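Given next are the chains, with one letter for each unit.
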Amino acid sequence: MISWIDLVSQAMIVAALILTLFRLVKGPSSFDRLLAGETMALGLIGLILVQAGIREARLYVDAALSLALFSFVGVVVFARFLEQGEIDD
Amino acid sequence: MTGLLVALVGGLVWVGFHGSADLATFLVGAVVSTAAAWATRIAWRGGLPLARLPRAVALCGQILFWFTVDLVVANAWQLRLVLSPRLRVRPQWVHFTTRLEHPATREILGVLISLTPGTVTEEMRGEEVVIHVLDETPGEDHVAAIRSRYEAPLAQLEAL
Amino acid sequence: MTSLPSWLEAVAAGATLLGAFFFLASAIGLVRLPDFYSRVHAPTKAATLGVALLVIASSIRSLPSGNLVWIEDLLIVAFLFLTVPVSSQVLLRAAATRKVPQVSSTTGEPANAHDGASAGSEDGRTDELAAPDRAG
Amino acid sequence: MSGLLLTALVLPGVAGVVLWLSGSGASGLRRIALGFALPQLVVAVAILRATARGEILVHGFGGWAPPFGIVFVADRLAALFVVLLAVLLLATLWALRPKVHGEEAVARSLPPLFLLVFGLNGSFLTGDLFNLFVMFEVVLLSSYLLLQVPGGERSLSAAYPNIAINLVAALLFFIGVGLIYGATGTVNLAGIAEGIGDADPALRTAAIAMLVVAFSVKAGLIPFLYWLPATYPVLKGPVAALFAGMMTKLGVYALARTLPLFMRDTPIPSILVWVGAASSLIAVIAALSEFELRRLLGFHITSQVGYMVLGLALLSHATIAGALFYLVHHVLVKTALFFVADDLERTSETRDLRSMTAGAAGPAVAFAFVVAGFSLAGLPPFSGFFAKLGLLRGLFVVSEWALLGVLLVASIFTLASMLKVWLYAFGAPASAESTGWWSSAPLLGMVALSIALAVSAGPVFAFAEATATQLLQVDDYLAAVASVQDSRIPAGLEVLP
Amino acid sequence: MSGQFLATLVVIAPALLACLGAITRRPVRDVATLAVTGSLISSLAAAWLAAQPFRGPVLVADWLPQLLVSVSWRVETVTLALAILVTVIGALVVQFTAAYFGESRAAREILVLLALFETSMLGLVLADNLYLLFLFWEITGIVSFFLIGSARGDAAAFGAARHALLITSAGALPLLVAFIYLTSRTGTASLSTLLGLELPVAAQTIALALLLPAVVTKSAQVPLHAWLPGAMAAPTPVSAYLHSATMVKAGIILLLYVYPLLGGSPLWTVLVPIGAVTCVWGSFRALGETDIKLLMAWSTVSQLGLLTLTIGLGTDLAMRAAVLHLFAHAVFKAGLFLTVGGVDKAAGTRSLLELGGLREHTPRLFVLAAVLAGSMAGIPPLAGFLSKELVLKKAMLSEPWVHGIAISGIVLGSIGTVAYSSRFVFEVFLGRSRGAATDRGRRLKPSLLLAPAILAVLTLAAGPGAAWVDRWFLEPVTASVIGRMLPAVTPLSLWYGVNAALVLSLVIVSVGYFSDRILGLRMVPRGPRALSGARLFDQALDACQGLGARFSWLLASLHPAVYLGLALAAGLVATVPLAFDALSVSPPPAHPVGLTTVLLLAAVLIAVLRVRSRLTRVLLVSVAGFAVAFLYRMLNAPDLLLTQLLVEVLVTIFFALGLRGLPPEPTKRVPPAWRWARRSLAVGLGLLAGSLVFALDRVGAPSQVKDYYLAAAPDLAKGLNVVNVTLTDFRALDTLMETFVVMLAAFGVAGLVKGREWASTTWSCPLDVPGQRTGLLPGMSRLILPLAGVLAVSLLLKGHNEPGGGFVAGLAFGIASILAIVVAARVRGLGSAGGVSLAGGAVLLVSLTGSLLFGAPGLTHAHGELQILGAGWKWHTALLFDLGVVLAIAGGTAAATRALWPPSRAPSSNADLGAAQ
Amino acid sequence: MITVMALAVALLVVVGVELLLGRSLFKAILGLSLLAHAAHLLMIATGGVGTSPPVLDGSGSVVGTADPLPQALVLTAIVISMAVTLYLVGLLQASGRRLGASAVEPALASDPGREAADPGESDSSGASP
Ligand code: NA
Ligand code: NA
């Protein structure tokens, strides 16, 4: 049963990722894209967590943890330069 | 005091990182986090005046409670909004002045506003807080809710 | 290592499904909401409730191992609580500064509506790097 | 004895770090640099002396026996390269003077220069294919830094062509290592040599082809040479000389190392022979049309690397010996010619032969050019003649008449472009106030070495022959690597001295 | 005195003494004296050796024994005779040169070069070792190059010098092959030994065929003769020596030397037509020349043809004739050139259109010229008559078809010779001046007449002393050439009675004189310009340059993408068989989650190609990185997952920094053909690369190390994370070097952007003016930064047993430091980020060498357990190593970030930055 | 997983090559990153897939454990390619700022006059030719 649920959950997250990808590509503003990028990182964290039930999978949680702490830095830096108009939208 | 708190929290976090709750792990964690705090002390302008722990914990609990409630209730509400066939939103920029004095508590307020569905902090500049409200539901005063649920306990925390 | 009681299993399963569902919902929000400022709200939700639920599930599942790995899972949530508001705030402010269009139904004005000139390249200041490098 | 190998690696690494950390001025840095380069030469010579006796030095890093740990191996081939590099390093440092080339340029050149040597020495000594890949990267990155030392537009616009092709090469190298691992189950060179026979032939060929393409890019063979004439004119003069002497030779080294070891049973070497031949001929004709001195010389590098590669790829004793002797000659002479180019460009303040003030450089430079240029063209009595003779003899032994013809024609074109340089750069008598002999000392040093090579052609050729023998007798190499024992420090440091 | 010493002395004496003079900066007169002395010493030594009974090779030293190169001389009558010829003429030319130039810098240079040339020519004639012979052969060419081009700055002279050197060197290459062939075949490179061998005719023919180009080029045979008239750009004394008497004879000498070895080849006869054509063509061109020096040059061409023709007759007697004519020609032609020099000095011109009546002013020169020219024309009783008579006689004895060619060649050529000889004498010295400044003709210094006079005397004396010449010179030398005594032959004499040769001689002289004096015949006035050899050579060289420009364009000037595509294609082309193999088997079913990931990846990648904005592309590629990271997760590679994610974050940040203020993307559309080529290449390479995965799965060999690593990591290396153990222990050297790669890249970024390294920049980059705006970031980072630090340390510490390790921790610290840069108004300490990085490098180097102290190889780790506070604290030096990695990576990342970070926007800080520079 | 990897590698190479061989320096950098991913996946494929990560639990059982060596090699390669990408981004920035160029151009052939006039530091005056 667990595996069925995992599969469905993963499918939902992947579906979410695909929708997010749509937003990333579509924009229209660079901020939308950044937002979508960040959301995709969250989706990856979600995927890793869904798979984290078994012992070996625990080994991947550190990755999720690191991503949770660091993925926003890229957004922050990009947002800075977008705000200052140094990167074309 | 702050240092002790940092060490304590850090030790616990460390235990979490390592998934083994023995004294040695905790001590290492405490040392490491103290060192980390020291190394990044430049970023710590001021510091958290958290002197009285029990009261602080109680206030934090209060905040956490409202936070959880908001999270569940407002999320459900927002879920409905997003999934409704005819999606109509009335966003609103709301400016208000916080009575919180310390930068740290102000920022915690800002974070809490963002984390609860329906509102996102746009700017905090001194006392001025600007938030973006996703859907201005008539009859619901976001600012009032924020004031009562988060600002008030934070102010009490400040006062400690 | 003992196995999990079935009710806990069920709770974990439910949390997993619900968490994933919140992800999906926030993604739908991301797609459907009309302007950038509204869309910022979406991932904030996924980060909060979605991840929190997944973490609850994963923590429950890790219980039989007997050690405290679930703290690590909780840390994920804690970290996201720290970082996601920051990034949404930064994005929001930057977008407002750059005057990203918003739905006409919006009321009020963002913080930077009047001081947009304080940032951005319109102020005519040239960047150090763009100027000829005369050093040496 | 095996500590020597470690020392040869560590010295330039430490030097690089120290130079970067040091706050002293360019002259001070140069003194520090010389302080490291001299012992480097001593160590290199010590390695050479040991290997000349037929010994193969090994050093098993981490105390792990191969194929589990990385092992350094110094046979004659490796020792030869290490010594040549140490000599070139000294000459380059000697030539690179703050007063002449600018304080900042010298200060900025020295640290990456030593890290370049760090990577090069590592490449020559390593007995592990993946480690070689990493060493290549160190070399590459250092060279990128050195390329930017002169500053200016041209440095910058030369960067991408240089980087891109080398990255593609690195990519192929990496995949090639992967395929080799897939085919033989190891990345240890000796292990590969042992396992390659049982590997799937198609997989083996694919892997080796990738490696060879990667090495060919490094060696500047046709059609992958475009980065070379773009790069060499940009570098600071003495650094360009070191590059000219050693950078493409890294590719040659890699081929010399791997061809006999594990590429023999594939069709690749026979293809490589023709790539080498085409390079030697086409590049030298291309050189004929160039008017920028260092660009011209850059094409020559490809041409002569072509000689060496075809000699190596024929995998016969005579041609390998000829190619190795040619290599020694080429390294000395090509470095000398780049020193000449540096002198000429500085005295006449241009890089274009057409606008060079003929005779601006002094008689010392003219003399050096005569020796080096005619040597490059293979004219007697200079070292190039013996080098050419050795290769021709080798080709004769294996009855490769067409290749022989290619070599002969290429050498005439070489002469033609040397004469062209002579016309523009030295066509008029030296001016009275031209640079003196002392300022050309590094150049004359290289020329003296080239003359010494011609005079002592016998012993050097004997070494080349012994090296060829050693390369073809793979068993010696394998035995040496197999002799590395597990020598970890037991728990608790019982072996404390 | 030993033979080795004397023979060596013969060779080196001239150069040695001249160089001695030049190095000690003696005046030209002294240098000349020294050079003449050197030549005379050589002469005497050669004469001494000739007087000794010893004949054979003497070995001085082995040079490159593996290739049979040695320094050894051939002490034979012919070599010694040639040596004497070279040195005597050398001495005379040097004397003349010194007188001709007077005190000048050029004279000193020319004298030294002449002496060097003399030595190389002596080496050539005396060398026993074939390679030594070749060596001197080439040196004569090189020295000749400098002598011809000695008028530096003169483009025409340079062109001539280059022409000469390139042609003769090209011709010499097959000679080298011939020598290699002979040595490989016989195992000896000694000419003496070789001459005693009997080679099969086929081998003789191969060797001769390879040797002929050298002869044809060096001795200026048609059609490769054109360099010789060009070489007249050299000063006249130089031409006298090199281009008439000695160097151009090298080919003839070589033929004489190898005659016993290769004379049996039927190919030998081909020399006859070559020589005949050259003889005729040279004469006819000489007839058309108005510059008397060029006239002499063409005359030399003609005479060399005559010599070649004679040798081509291929009999012992023909060799005898050739030897005689070789010496005779050397003497009279050297003399004639020197006379031309005298004319030039006396009249200031060499043009027949201006000269005339010079006898009035320089009667003695006229006499000398008449004698020497008479010898050239073959007028009895001069030496030239003797030798030409002999040549004619031999030619008549040959086979019919050879006979025809030879006789017609000789006759036609000689008629021309007579004609231009008479023209030279009559038009220069007799009649009246045609406007040349003969009126200003000074009396020539006696020193300018000495050398021609001696040569004239020699040529004059040969006729009457024919018997003597035969007995003491011709007979022994010929014997030495052919390797045995000649059977009884008619002795050399001025008078053999009336025979066909004599009749022909008379016909030649009279027809020649008649056609010049009476008909005023001027054959081939200038020669058709298109057929001019020098012009053809220049055109060929230009064509080569053009071809080279085309090659250069193709090889180095196309768009880099072409070469990159080539390299990729070349690298992957060998995988085609594997691909076919892989595609023939149906692939295993795909994992559903994996497949979904790949579909997502595909969507992302397609989007990468289609979107427009750079930022979108960066984000998409970063998402692709996430997808790959997730594949790592599915491939059971937790360390890779962790590393890949942090790398993606870091790289995205760098792109944010790197995209600032860029010019717009290039808009020029790629041509459709190229686009299609690129697309097909991309798809093809993609298919190949993808099929490699299947191939590896199907035919891959098992790992030789995996089981050991899995066993040794926990037991010996004391780490459970085998990947980390591999990185810090089994293969720690990779890690060490790679860390340096990161450091270099980081410092390189600084060098690129700022144009200088991090060390020389002062850094201050307040992002926001403090207090103006806050937001959540500054406050939250107070929490985030220490947490990041704790996380990084944790990743470092547990890396040995769990996912993590130095790289990951370093990356985490690096990202944290970027955050700090973003947040902080001013972060002290970051200024030394590069220093931190280098400190990391230092730690790594320490751990590389530290184990040596314990007698263990580099990078050997130690581990143990310390008892403190009642608990066992495990320690492992791998941690120290990883610490170095952390420092280097984190420091490097921070340094690179700082380099790319925009400088402060506040005007005050701008001023600071300006001041710092 | 083999099929998944093969597909991923093929996709990455196709798009990587397409980007690398274009006119834009920026795209080329992205292309190189993608090609690096492909190479890394290929390297993992050399060791087979395995069923558990090469992080041991101390129980001594290593059945089905993935080959650690390719993973270690790939980790090294990831960091190297990161370093190179950093450098390339620096190059992108420098080309844009100092040369005003965003396109990959054939290597500059001889430009001696200018170089001679300004052999020292950078001159960032004009756009790239
Ligand atoms: Na040559
Ligand atoms: Na050459």
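Residues numbered from 1 in each chain as written. Chains lettered and ligands numbered in written order. Predicted model: local features only at pLDDT ≥ 70, side-chain atom pairs only at ≥ 80, totals over all residues. Heavy atoms only, no water.

Colleague: Describe the interface of chain E and chain D, naming the residues involved and giving the relevant values.
Modeller: Taken together, the contact pairs 104 residues of chain E with 120 residues of chain D. The contact between chain E and chain D buries some 9,700 Å² in all, and 78% of this surface belongs to carbon and sulfur atoms. If you look at where chain E meets chain D, you find 1 salt bridge. Of the charged contacts, one joins E:R731 and D:D128 as a salt bridge, the two residues approaching to 2.5 Å between their closest N and O atoms. Counting every contact that joins chain E to chain D gives 17 residue pairs in polar contact (both at pLDDT 80 or more). Top element by residues in the side of chain E that touches chain D is helix α30 (residues 732-754) of chain E. It accounts for 13 residues. (Contact = heavy atoms within 4.5 Å. Buried area = accessible area lost by both parts, 1.4 Å probe. Salt bridge = Lys/Arg side-chain N within 4 Å of Asp/Glu carboxyl O. Polar contact = N/O pair within 3.5 Å; in protein donor to acceptor, adjacent residues only side chain to side chain. Helix = DSSP H or I, 4+ residues; strand = E, 2+ residues; numbered from the N terminus.)

Colleague: Quick one: what's the story with the confidence of the model for chain A, residue by residue and with numbers?
Modeller: Interpreting fine coordinate detail is not advised for predicted regions of low pLDDT. Per-residue confidence for chain A averages 86 on the pLDDT scale, and 91% of its residues sit at or above 70. Within chain A, helix α2 (residues 30-50) of chain A carries the highest mean pLDDT (92), whereas helix α3 (residues 55-58) of chain A carries the lowest (64). (pLDDT = per-residue confidence, 0-100.)

Colleague: Could you give an account of the nonpolar core, naming the residues involved and the relevant values?
Modeller: One finds D:F262, D:F374 and E:F424 to be the most contacted residues of the largest nonpolar core, which totals 743 residues. Examining the composition of this core, we find that 21 residues originate from one element, helix α7 (residues 152-184) of chain D, more than from any other. In this view, E:F424 contacts E:I292, E:M296, E:L336, E:V340, E:A369, E:A373 and E:F429; residues no more than four positions away in its chain are not counted. In this structure, E:V31, E:A35, E:A98 and E:A107 belong to the second largest nonpolar core, which totals 12 residues. (Core = buried A, V, L, I, M, F, W, Y, C linked by side-chain atoms within 4.5 Å. Buried < 20%, exposed > 50% of the residue type's maximum accessible area, 1.4 Å probe, protein only.)

Colleague: Go over the coordination of the sodium ion (ligand 2) with me, naming the residues and quoting the values.
Modeller: Any two of four tetrahedral donors ideally make an angle of 109.5 degrees at the metal, while pairs among six octahedral donors ideally make 90 or 180 degrees. All names here are of chain D. The protein atoms that coordinate the sodium ion (ligand 2) are Q304 (NE2), Y307 (OH) and T414 (OG1), at distances spanning 2.4 to 3.0 Å. Between the sodium ion (ligand 2) and the sodium ion (ligand 1) the interatomic distance comes to 3.6 Å. In this pair, Q304 is assigned in helix α13 (residues 293-313) and T414 in helix α17 (residues 401-426), connecting sequence segments 110 residues apart. The residues Q304 and T414 share a single accessibility class, namely buried. (Donors = N, O, S within 2.8 Å, 3.2 Å for Na, K, Ca; no water.)

Colleague: Mind laying out the packing of helix α26 (residues 638-658) of chain E against helix α32 (residues 806-823) of chain E, listing which residues take part and the relevant values?
Modeller: Residues and elements named next belong to chain E. Between α26 and α32, the least distance of the axes is 10 Å, while the angle of their chain directions is 30°. Here α26 is positioned roughly parallel relative to α32, judged by the angle of their axes. The two elements α26 and α32 meet at a crossing, and its hand is left-handed. Contact residues: α26 offers L642, T643, L646, V647, V649, L650, I653 and F654, while α32 offers V808, L811, A812, I815 and I818. (Axes fitted to C-alpha atoms, helices over the stretch in contact; angles between N-to-C directions. Parallel < 35°, antiparallel > 145°, perpendicular 65-115°, else oblique. Left-handed = near helix turned anticlockwise from the far one by under 90°.)

Colleague: Talk me through the side chain of E:R678; I want residue IDs and the actual numbers.
Modeller: Within the fold, E:R678 resides in helix α27 (residues 672-699). Setting aside chain neighbours within four positions, we find E:R678 in contact with E:V670, F:E18, F:L21 and F:G22.

Colleague: Give me the lowdown on the interface of chain F and chain A, citing residues and values where you can.
Modeller: Taken together, the 5 residues of chain F in the interface contact 5 residues of chain A. Interface area, chain F with chain A, both sides summed: about 370 Å², of which 59% is carbon and sulfur. Connecting chain F to chain A are 1 salt bridge. Between F:R97 and A:E86 there is a salt bridge, with its nearest N and O atoms 3.7 Å apart. The interface formed by chain F and chain A contains 0 residue pairs in polar contact (both at pLDDT 80 or more). Across the side of chain F that touches chain A, the residue classes break down as 2 nonpolar, 1 polar and 2 charged. (Nonpolar A, V, L, I, M, F, W, Y, C, P; charged D, E, K, R; others polar.)

Colleague: Residues and numbers for the packing of aromatic side chains, please.
Modeller: Enumeration over the complete set of coordinates arrives at 57 aromatic pairs over all chains. The interplanar angle of 65° and the centroid separation of 5.2 Å between the aromatic rings of D:F385 and D:F386 together place this pair among those described as edge-to-face. For the residue pair D:F385 and D:F386, the accessibility class agrees, reading buried in each case. Geometrically, the ring pair formed by E:F145 and E:F146 is edge-to-face, given 5.0 Å between the ring centres and 75° between the ring planes. Taking the relative accessible area as the measure of exposure, E:F145 reaches 2% and is therefore buried. The exposure class of E:F146 is buried, given its relative accessible area of 17%. What links up through ring pairs into an aromatic cluster is the set D:F369, D:F374, D:W422, D:F426, E:F145, E:F146 and E:F158. The side chain of D:R354 reaches across the aromatic face of D:F291, ending 4.1 Å from its centre. The ring of D:F291 is capped by D:K420, whose NZ or CZ atom sits 3.8 Å from the centre of that ring. (Phe/Tyr/Trp six-rings, centres within 6.5 Å; stacked < 30°, edge-to-face > 60°. Lys NZ or Arg CZ within 6 Å of the ring centre and 35° of its normal.)

Colleague: Give me the side chain of D:R257: which residues, what numbers.
Modeller: All names here are of chain D. Position of R257 relative to the elements: it lies in helix α11 (residues 237-262). In this structure R257 comes out as buried when scored by relative accessible area, which is 3%. Setting aside residues no more than four positions away along its own chain, R257 makes contact with D75, L77, A78, L189, L471 and Y477.

Colleague: Requested: an account of the sheet that holds strand β1 (residues 92-97) of chain B, with residues and values cited.
Modeller: All names here are of chain B. With antiparallel pairing, 3 strands are arranged side by side in an open sheet as β1-β3-β2. The open sheet has two edge strands with one neighbour each: β1 and β2 (119-125). Sheet twist, expressed as the average angle between the axes of neighbouring strands with direction ignored, equals 25°. Pairing of β1 with strand β3 (residues 128-133) involves 6 bridges; the strand directions are antiparallel. Its bridge partner lying in β3, V94 is registered against I131. Along the sheet, helix α4 (residues 103-115) contacts β1, β2 and β3; its crossing angle with β2, the most-contacted strand, is approximately 155°. (Pairing = 2+ DSSP bridges.)

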